[in-house]
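Topology and contacts: notes
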Amino acid sequence: MLCEGYRVVIVSRSQENLDAALAGAGDLAGNARTITADLTDSTQVNKVIDGVIRTESKIDVVINNLGRGLARELIETTDEEWHYLVDVNLSHVFYICRAVLPHMRARRGGPNINIASRAGRRGEGGFAAYSPFKHGVVGLTRALADSEHPFGVRVNAVYPGAVATRRMIELHPDEDPSRWHGPEDVASAVLYLLSPAARLMNGLVIDVFGI
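Residues numbered from 1 in each chain as written. Predicted model: local features only at pLDDT ≥ 70, side-chain atom pairs only at ≥ 80, totals over all residues. Heavy atoms only, no water.

Another aspect to go through is the packing of helix α2 (residues 42-56) against helix α3 (residues 79-107). For the pair α2 and α3, the least separation of the axes is 9 Å and the interaxial angle reads 30°. In terms of orientation, α2 and α3 fall into the roughly parallel class. Between α2 and α3 lies a crossing whose hand is right-handed. Contacts from Ser42, Val45, Asn46, Ile49, Asp50 and Ile53 of α2 reach α3 at Tyr95, Ile96, Arg98, Ala99, Val100 and His103. Grouping the amino acids of the contact of α2 with α3 by side-chain chemistry returns seven nonpolar, three polar and two charged. (Axes fitted to C-alpha atoms, helices over the stretch in contact; angles between N-to-C directions. Helix = DSSP H or I, 4+ residues; strand = E, 2+ residues; numbered from the N terminus. Parallel < 35°, antiparallel > 145°, perpendicular 65-115°, else oblique. Left-handed = near helix turned anticlockwise from the far one by under 90°. Contact = heavy atoms within 4.5 Å. Nonpolar A, V, L, I, M, F, W, Y, C, P; charged D, E, K, R; others polar.)

This is the structure:
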């Protein structure tokens with residue numbers, strides 16, 4: 001996004017993650033700003049969106065990329081884990097879209113892109129308490145694509161598989177990350193959805209996982 005000339009606002013509740021994102025941006029970091037907030041809290045989401053509108057005057061694009069998996073069978077999943085997974089994987093998308101769509105409606109446009117998962121395409125038994133919420137992200141994407149189209153707002157999503165992020169590499173030290181997607185692969189799919197070539201695409205889920 002930065003290399004395409006966008007001014008990017010990155011939100012995380014972890015300052016460490018925000019610092020790492022800026023460090024990875026190199027010379028382009030000057031065109032980004034960071035906000036520390038918990039996106040699973042609707043009150044904080046509303047404050048973030050209102051603050052960005054106030055300081056930047058508009059929001060052209062929203063990318064919902066928060067998510068966390070849990071490799072556990074359903075019968076072993078606690079109530080607390082279930083509620084955490086719904087908040088971190090699905091509720092935040094609802095909160096952000098609810099907060100930003102009135103602004104996009106008023107401007108008659110603006111792409112929303114939600115990052116789903118291969119688990120939201122086919123279901124994965126070892127992630128039985130995670131898969132439903134990624135299916136939910138896809139369902140919400142398609143519902144909003146239908147409801148927001150009359151206002152000029154497009155809503156699409158991306159299905160990635162395993163992505164070689166720092167966290168994934170740390171969690172799976174015995175795996176070969178060269179067999180996974182790189183973050184740039186997912187970014188390329190997002191940039192395609194923002195390109196003129198995708199200007200009529202709405203309710204689409206790009207599958208970068210394949211099989």
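Having put the structure on the table, let's press on.
Unlike most non-glycine residues, Ser57 shows phi in positive territory, near 80°. Tracing the backbone through its elements, the reader meets Ser57 in the loop between α2 and β3 (62-64). We classify Ser57 as exposed; its relative accessible area is 58%. Within the chain, Arg108 stands out as a residue other than glycine whose phi angle is a positive 60°. By the element assignment, Arg108 lies in the loop between α3 and β4 (112-115). Here Arg108 falls in the exposed class, since its relative accessible area comes to 52%. (Buried < 20%, exposed > 50% of the residue type's maximum accessible area, 1.4 Å probe, protein only.)

Turning to the sheet that holds strand β5 (residues 155-159), a few remarks are in order. Ordered in space as β3-β4-β5-β6, the four strands form an open sheet in which the pairing is parallel. Lying at the two open borders of the sheet, with one neighbouring strand each, are β3 and β6 (205-207). Going from strand to strand, the sheet's axes swing by 20° on average, the running direction of each strand aside. In this structure, β4 lies alongside β5, joined through four bridges in parallel fashion. Within the sheet, the bridge partner assigned to Ile115 lies in β5 and is Val158. Contacting β4, β5 and β6, helix α5 (residues 131-148) crosses the sheet at an angle of about 155° to β5. Contacting β3, β4, β5 and β6, helix α7 (residues 183-194) runs over the sheet at an angle of about 160° to β5. (Pairing = 2+ DSSP bridges.)

Take the nonpolar core next. Core analysis: the largest hydrophobic core is formed by 28 residues, its most contacted members being Val45, Ile49, Ile59, Val62, Val100 and Met104. Elements with a minimum of two residues in this core: α2, α3, α5 and β5. Setting aside residues no more than four positions away along its own chain, Ile59 makes contact with Ile49, Val52, Ile53, Val100, Met104 and Arg107. Val61, Ile115, Val158 and Ile206 belong to the second-largest nonpolar core, a separate cluster that totals 10 residues. (Core = buried A, V, L, I, M, F, W, Y, C linked by side-chain atoms within 4.5 Å.)

This part is about the pattern of salt bridges. Pairs may arise between side chains of opposite charge once their charged atoms sit close together. Summed over the entire model, instances satisfying the criterion amount to seven salt bridges. Between Arg33 and Glu56 there is a salt bridge, with the nearest N and O atoms lying 3.4 Å from each other. A residue pair is termed long-range when its members are at least 10 positions apart, and Arg33 in strand β2 (residues 32-36) and Glu56 in helix α2 qualify at 23 residues. The exposure class of Glu56 is partly exposed, given its relative accessible area of 24%. Between Glu81 and Arg72 there is a salt bridge, and its shortest N-O distance comes to 2.1 Å. Salt bridges here are not isolated pairs; linked through shared partners, they connect Arg7, Arg33 and Glu56. (Salt bridge = Lys/Arg side-chain N within 4 Å of Asp/Glu carboxyl O.)

Bringing the side chain of Asn89 into the picture now. Mapped onto the elements of the fold, Asn89 is located in helix α3. Asn89 gets classed as buried once you look at its relative accessible area, which sits at 0%. Within the structure, Asn89 has its side chain in polar contact with the backbone oxygen of Arg68 (distance 2.9 Å). Sequence-distant contacts of Asn89, defined by excluding residues within four places in its chain, comprise Gly67, Arg68, Tyr130, Phe133, Lys134 and Val137. (Polar contact = N/O pair within 3.5 Å; in protein donor to acceptor, adjacent residues only side chain to side chain.)

Attention now goes to the packing of α3 against α5. The contact between α3 and α5 brings their axes to 10 Å, and the two run at 15°. In this view, α3 runs roughly parallel relative to α5, as classed from their interaxial angle. Regarding α3 and α5, the two cross each other, and that crossing is right-handed. On α5, the residues that touch Trp82, Leu85, Val86, Asn89, Leu90, Val93, Phe94, Cys97, Leu101 and Arg105 of α3 are Pro132, Phe133, Lys134, Gly136, Val137, Leu140, Leu144, Ser147 and Glu148. In the contact of α3 with α5, the residues fall into 13 nonpolar, three polar and three charged.

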